[in-house]
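Report on the structure
Chain by chain, the residues:
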Amino acid sequence: MMKIRSCLTFSRRFQSTSSAQSRNHLTNDEIRAHRLRIFNNERQVQIERIRRVEKIEIDVQDPIQSTKLLMNKNLSTPLHCARHLSSVLVDRSCLALIDDQHIWDMNRPLERDCTLKFLHFMEENCEEQNRAYWRTCSFIIGYILETAFKSTYHVELCSFPPPQFQAGSFAYDAQLNLGDWKPTRDDLRCLSIQAYKLRDRDLRFERLDVTQSVAEEMFAYDRFKLAQIPHMLRLVTPTDTQPRLSVYRMGDCHVDITRGPLISSTKQIGRFEFSAVHPIDVPSYNETMHRVQALSIPAQLHLHYWTFDYLLERAKKKNNASVPTLGKAKTAEKLE
Amino acid sequence: MNRALQTICTRFLTRPLLPVSSVNFIPCAGIRHHKLTDQHMRLRYKKLHWHKFYDDKWVQRRGGGWDEKLTPENISFMQEVVHDTYANEESPLKDGPWKHGEYTTNPETIRTGVLGLKLGTLPQWNKKGQKFYVTVVQIIDNHVINYTPPEMINFRTLFTTRPLRRDLHGKVGMLVVGALSCDPRKFTRAYNGLFEQAGVPPKRKLTRFFVTPNSVIKPGTPLYATHFRCGDYVDVQARSIDYGFQGVMRRYGFRGGPSDKYGATKFHRKRGTVGSGRKHRILPGTRMAGLMGNKLVMMKGLKVWRINTKYNILYLMGPAVPGPNHGYMRIQDSTLYERKQKITNENHPPFPTYFPENGKVLEEELFADDIYRFDQPTLTLDDVQIAPLTSRRTAAKTAQKKK
């Protein structure tokens, strides 16, 4: 791969626990490949830790059919349970509900005997599903920002605020290094088309809990992410000895840090339109970044173009959700 | 006639039309020996445009209409949004109104027509006490959507349901008028885009009017019933009631056969003979059973008796205006010779259309001169001159008196 020198100077303006390696000589694609490689290695290591396949009993309670399934511990996901039952559940379920309490990803392995319910977007109470959907869409904006620009430009992703419907849109904060770039209507349209291509590829979201050292190796070239890692660590399960960080991978394309559950696959995206790019001041990192905003609705919700355009007008206004902050380790809530 | 040429002619008359859809293009113009009489032209026209009601180049109109599954609060909110988007009547366009042209009779001036909705019929009386029926037509939500100047129109390939006069080719522009504003969520994006320039809500029905360049109207202008005056004569063009497949008695008024009382076997409503004994074929245009109605019919010279300005209603002469109730109709100034004579440079209908002036409020009901008005005092004998009773004069006595 051709290594092109970045024309912008690289300067560290904030304290970080570990040193970020210089990325002047690497393109966005190479950095992404590096992250994916580390993710794959760690995933392989974690799978090999399972010496013996143990069975767990899952009690699936669905209004259409309720059955008891015998699945593999730490290997089977709610998606596998849905595949046993019906293709409708596979296509429309975005999240799973364990024991009526915990929201679980569809592609996250189940760990113990439990009752399982599938959640989709057209239910009465779909607050959690909507939040997971907009969280996923913010994740996707990050991927598109990394891949949409030419290799001469370096995009450094920072983080995204938690999904808030009052704001009218979801966003991703990133250092685009493009100066005063004002995207035209056609530029935004081209970005939106990238999201529709993802929908056609039907990529799954997989979760991985990694330790601090692995995380720092993974995001060695991302200075913003490195600064956030110490604040994001938490104890995932009660049996865990060391705090872990949840990292999600989309298909085999993109890896990013996010806490909350994401939806099952990109096939469930309906309309996805980039609405605006606004500059924001981030005092924690002492920089001016860009907030890229977009609006999306799931494929199950079939809106007329006129209604969606009306919502899009609202999404063009500046999103006032929280700016990325590096708070104290315990109370940091900037990523979800 | 030469046998070979005769076969060629019949083939040209009966085969389906070539892709060029204008009636003005005659496919067998090269073969001039066969005179195409009026009747032949009418038959061919009837055959060629029978099934096609629209131009392939028009955009898809209907869209949406599925259940968006919104919460009840969101449904009422979106209805308010739709209403507010088109609430203000001021044109959003920056440039001012277009200059009004001058009405000229010598190079004739053709004004726009108007799109109306047939509502029903009512009886009315004239001052002689005679009863007649009027058709009530509402000029519902009319706006001018678009104007194309004559230079931009290709008259050779123009698709019109009624052929445009040959002498007007190249001299008339095209105005698109729409009726009945509707929710944009019922239509496709392409159709809604037609109305963005004019800044009006999307319309359910569109039609074209060919006008002389001096009577152009700016897109976005509303058209009212007062576009016509009481006492004016109009031509109405509408699609007649669709009777479906009808037999020859209903369709052409044939007398049919006797009832079964007289022993008639299987001959009650039939056509009878289809040709003469010697000509071994059925002549083209032979009247037989078939689809009746549902074709554009023009009714000329209907008088406007009354106008209601509040609801934009015209009361047109006669109950036989084509079309069923709630059918659309194109209404234009009459092209009849005698009616056109009455229009002069001083006395002409509002040109290019009626524009409401600030402060001037029209009365709700406007009447023609000879209609009888029930709200006015009735005609009394004091108004009428009665000649004194005398014996009948003979012609000789009248002649004597004159001397």
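Preceding this section is the structure that the text describes.
Scope of this entry: the structure provided in the associated data block. (Residues numbered from 1 in each chain as written. Chains lettered and ligands numbered in written order. Predicted model: local features only at pLDDT ≥ 70, side-chain atom pairs only at ≥ 80, totals over all residues. Heavy atoms only, no water.)

1. Re the packing of aromatic side chains
Residues and elements named next belong to chain A. Selection criterion: The pairing test for Phe, Tyr and Trp rings, Trp by its six-membered ring, is centres within 6.5 Å, and the orientation test on the planes gives stacked under 30 degrees, edge-to-face over 60, and tilted for anything in between. For helices the rule is a DSSP run of H or I covering at least 4 residues; for strands it is a run of E covering at least 2, with both sets numbered from the N terminus onward. Buried residues are those whose accessible area, probed at 1.4 Å on protein chains only, stays under 20% of the maximum for their type, while exposed residues exceed 50% and partly exposed ones sit between those limits.
Inspection of the entire model under this criterion finds 19 aromatic pairs over all chains. Here Phe139 and Phe205 contribute two aromatic rings whose centre-to-centre distance is 5.7 Å and whose plane-to-plane angle is 80 degrees, an arrangement assigned as edge-to-face. One end of the pair, Phe139, is in helix H4 (residues 127-148); the other, Phe205, is in strand E8 (residues 205-210), and 66 residues separate them in sequence. With a relative accessible area of 2%, Phe205 lands in the buried category. With a centroid separation of 5.6 Å and 80 degrees between ring planes, the pair formed by Phe149 and Trp181 is classed as edge-to-face. Here Phe149, found in the loop between H4 and strand E6 (156-159), pairs with Trp181, found in the loop between strand E7 (170-175) and helix H5 (185-201); they are 32 residues apart in sequence, far enough to count as distant. Counting every residue linked through ring pairs, the aromatic cluster contains Trp134, Phe165, Phe170, Phe272 and Phe274.

2. Description of the packing of H4 of chain A against H5 of chain A
All names here are of chain A. Formally: Orientation is described by lines fitted to C-alpha atoms, with helices fitted over the stretch in contact, and by angles between N-to-C directions that extend from 0 to 180 degrees. Reported orientations rely on four angle classes, namely roughly parallel under 35 degrees, roughly antiparallel over 145, roughly perpendicular from 65 to 115, and oblique for the rest. Crossings are assigned a handedness: left-handed for a near helix turned anticlockwise from the far helix by less than a right angle, right-handed for a clockwise turn. Any pair of residues with heavy atoms lying within 4.5 Å of one another is described as a contacting pair. All residues other than Ala, Val, Leu, Ile, Met, Phe, Trp, Tyr, Cys, Pro, Asp, Glu, Lys and Arg, Gly among them, are scored as polar; the first ten of these are nonpolar and the last four charged.
Running from amino to carboxyl end, H4 crosses H5 at an angle of 115 degrees, the nearest separation of the two axes being 10 Å. Relative to H5, the element H4 lies roughly perpendicular. Taken as a pair, H4 and H5 cross one another with a handedness that is right-handed. Contact residues: Ile140, Tyr143, Ile144 and Ala148 in H4; Leu191, Gln194, Ala195, Leu198 and Arg201 in H5. Looking at the contact of H4 with H5 residue by residue, the classes come out as seven nonpolar, one polar and one charged.

3. A word on the sheet that holds strand E3 (residues 142-148) of chain B
All names here are of chain B. What counts, and what does not: Being paired, for any two strands, means DSSP has found at least two bridges between them.
On the basis of which strands lie adjacent, the open sheet formed by four strands has the order E5-E4-E3-E6 and antiparallel pairing. Edge strands, defined here as strands with exactly one partner in the open sheet, are strand E5 (203-211) and strand E6 (222-223). Bridge count for E3 against strand E4 (residues 173-181) is five bridges, and the pairing is antiparallel. If you follow Asn146 over to E4, its bridge partner there is Val176.

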